[in-house]
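# Results of the structural survey
Spelled out from the first residue to the last, the chains are:
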Amino acid sequence: MKIIYILFLFLFTIQSSIAQSNLDQLNSYMQEVRDGSYDPVPQSILKEEAQTNELLTALVTYQNDSNAVIRTRAYNISKRIGQNHPEIAIRQQAINQQIKALEDKDTGIMVKAINALTGFKNTDFTNNQQLRIINRLKADMPHLEKYARLVGYMPNEVAIEPLKQVQLQVTDGWESFNLNLALARRGDEQATTAVLNKIQNAQINDAFVYDIVPVLVYTRSIDIFDFLEGLIFSDEANCSSANPDSNANILCGYRIMEYIAPALENFPLPIDEYGELEVDDYETALVRLREWLIQNPDYQLVNDNY
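Residues numbered from 1 in each chain as written. Predicted model: local features only at pLDDT ≥ 70, side-chain atom pairs only at ≥ 80, totals over all residues. Heavy atoms only, no water.

On a plain count of helices and strands, the protein chain comes out with 15 helices and 2 strands. Considering only C-alpha atoms, the protein chain reaches an extent of 75 × 45 × 45 Å along its principal axes. Buried residues in the protein chain amount to 46% of all 306 residues. When contacts within the protein chain are restricted to residue pairs at least 6 apart in sequence, long-range pairs at least 24 apart make up 63% of them. Per element, the accessible surface of the protein chain, about 16100 Å² overall, is 50% carbon and sulfur. Of the side chains in the protein chain, 25 bear a positive and 41 a negative charge, and the two mean positions are spaced by 8 Å. (Helix = DSSP H or I, 4+ residues; strand = E, 2+ residues; numbered from the N terminus. Buried < 20%, exposed > 50% of the residue type's maximum accessible area, 1.4 Å probe, protein only. Contact = heavy atoms within 4.5 Å. Areas by Shrake-Rupley, 256 points an atom, 1.4 Å probe, with all protein chains shown as cover. Lys, Arg positive; Asp, Glu negative; His and termini not counted. Charge placed at Lys NZ, Arg CZ, Asp CG, Glu CD.)

So, about the side chain of Asn-156. Locating Asn-156 in the fold gives a position in the loop between α8 (144-153) and α9 (160-167). Classification of Asn-156 as buried rests on a relative accessible area of 10%. Side chain to side chain, Asn-156 and Asn-127 meet in a polar contact 3.1 Å long. Separated by 3.3 Å, the side chains of Asn-156 and Gln-130 make a polar contact. Excluding its chain neighbours within four sequence positions, the residues that come into contact with Asn-156 are Asn-127, Gln-130, Leu-131, Ile-134 and Arg-186. (Polar contact = N/O pair within 3.5 Å; in protein donor to acceptor, adjacent residues only side chain to side chain.)

Rolled over the atoms, a probe with the dimensions of a water molecule shows which regions are left empty. By volume, the largest pocket amounts to about 1000 Å³. Around the largest pocket sit 29 residues that line it, and Thr-118, Pro-262, Tyr-274, Asn-305 and Tyr-306 are the ones nearest its centre. Taken together, the elements giving at least two residues each to the lining of the largest pocket come down to α4 (68-83), α8, α12 (206-218) and α14 (253-260). The biggest single contributor to the lining of the largest pocket is α12, with 4 residues. By residue class, the composition of the lining of the largest pocket is 11 nonpolar, 8 polar and 10 charged. Here the second largest pocket defines a volume of roughly 180 Å³. Lining of the second largest pocket is provided by Gln-43, Leu-46, Lys-47, Glu-48, Glu-49, Arg-80, Ile-81, Gln-83, Asn-84, His-85 and Pro-86. Among the secondary structure elements, those contributing two or more residues to the lining of the second largest pocket are α2 (43-47) and α4. Residues belonging to the lining of the second largest pocket are distributed by class as follows: 3 nonpolar, 4 polar and 4 charged. (1 Å grid on protein atoms, 1.4 Å probe; cavity = no way out; pocket = protein on both sides within 12 Å on 5 of 7 lines; lining within 4 Å. Points joined across faces, edges and corners; volume = space filled by probe spheres on them. Nonpolar A, V, L, I, M, F, W, Y, C, P; charged D, E, K, R; others polar.)

What follows is about unusual backbone geometry. At His-143, a residue that is not glycine, the phi angle is positive and equals roughly 55°. Mapped onto the elements of the fold, His-143 is located in the loop between α7 (127-135) and α8. The residue Arg-220 is not glycine, and still its phi comes out positive at about 55°. If you trace the backbone, Arg-220 turns up in the loop between α12 and α13 (222-233).

Locating Gln-98 in the fold gives a position in helix α5 (residues 88-101). Leave out the neighbours within four places in its chain, and Gln-98 touches Tyr-75, Ser-78, Lys-79, Ala-113, Ala-116 and Leu-117.

This part covers the state of the cysteines. Counting across every chain of the model gives 1 disulfide. Covalent S-S linkage joins Cys-239 and Cys-252, the inter-sulfur distance amounting to 2.1 Å. Between Cys-239 and Cys-252, the disulfide has an S-S torsion of 100° and is therefore right-handed. Taken together, the residues span a long stretch of sequence, with Cys-239 in strand β1 (residues 239-240) and Cys-252 in the loop between β2 (249-250) and α14 at a distance of 13 residues. Note on accessibility: Cys-239 and Cys-252 belong to one class, buried. (Disulfide = S-S within 2.5 Å.)

So, on to the environment of Ile-199. Tracing the backbone shows Ile-199 in helix α11 (residues 189-199). Exposure remark for Ile-199: the relative accessible area of 3% places this residue in the buried category. Between the alpha carbons of Ile-199 and Leu-216 there is a distance of 9.7 Å; along the sequence they are 17 residues apart. Residues contacting Ile-199, with those up to four places away along its chain left out, are Phe-177, Phe-208, Ile-212, Leu-216 and Phe-227.

What follows covers the pattern of salt bridges. Going through the model one piece at a time under the given rule, you end up with 9 salt bridges. Note that Arg-91 and Asp-124 form a salt bridge whose closest N and O atoms lie 3.0 Å from each other. Note that Arg-91 is positioned in helix α5 and Asp-124 in the loop between α6 (107-117) and α7, a separation of 33 residues in sequence. For the pair formed by Arg-91 and Asp-124, the shared burial category is buried. With a closest N to O distance of 2.9 Å, Arg-136 and Glu-103 form a salt bridge. With Arg-136 in the loop between α7 and α8 and Glu-103 in the loop between α5 and α6, this residue pair connects regions lying 33 residues apart in the sequence. (Salt bridge = Lys/Arg side-chain N within 4 Å of Asp/Glu carboxyl O.)

Set out below in structure tokens:
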């Protein structure tokens, strides 16, 4: 019994030492940031899992700092710790901190928080967290288009009415379009039709693919994906080659298939843990994707990622 007690005490001491070491590293790192350092965050902090709760708690002090650089770095560490953590309680703790960042007086921190929240699965958010995000929506808020899409990402039908109310108040065309995208994500048929009407006769080129296709993919609307499918099957070479030494145009489908990869269940091409396409031969890959789409007309869309 005495041996078991000594072993337990030994293991507890080691665990406490590791936790203290990581907290010391965090505090030292944040002091270096305060002194003007641009060094990356120590990997031991980001990879720590056993004592993550203590690290997130310690970050709160820095998130309340008067220095915007310190707050930015603290929120960034919180995001990176939380997004891929295996425990949902930790992910939700990190989400709480990012929701707090939405209220920061520095709008740059607010935008980073919006982007951070879209990096969590929408199934990670508690109902209370969803409502806190939805209830912040206002027509005169900065970066409305990004925030509207965050609201639409929340898997909650409560989001529909606030989005519609804000849409009645905006006059900017891009903001209105993004509110329709958010409503389309929530399954609103009228908004989906409005999006399709807007893009139906658009010129398909590099700008369309880079700026519009990603937000169309965001909607997870099967009707909008039918439109994207048409672009994938198009043999019109309307996009520029990524090769700086080539002036030849390429099929836009090569780029579009990269954007849709994380949104299709059982996507037939290899993708990495971040949803990025992992292929060398894009011509063969596009042929394979076209064949798969023909053979799987009732494919399902992934709805828990942004």
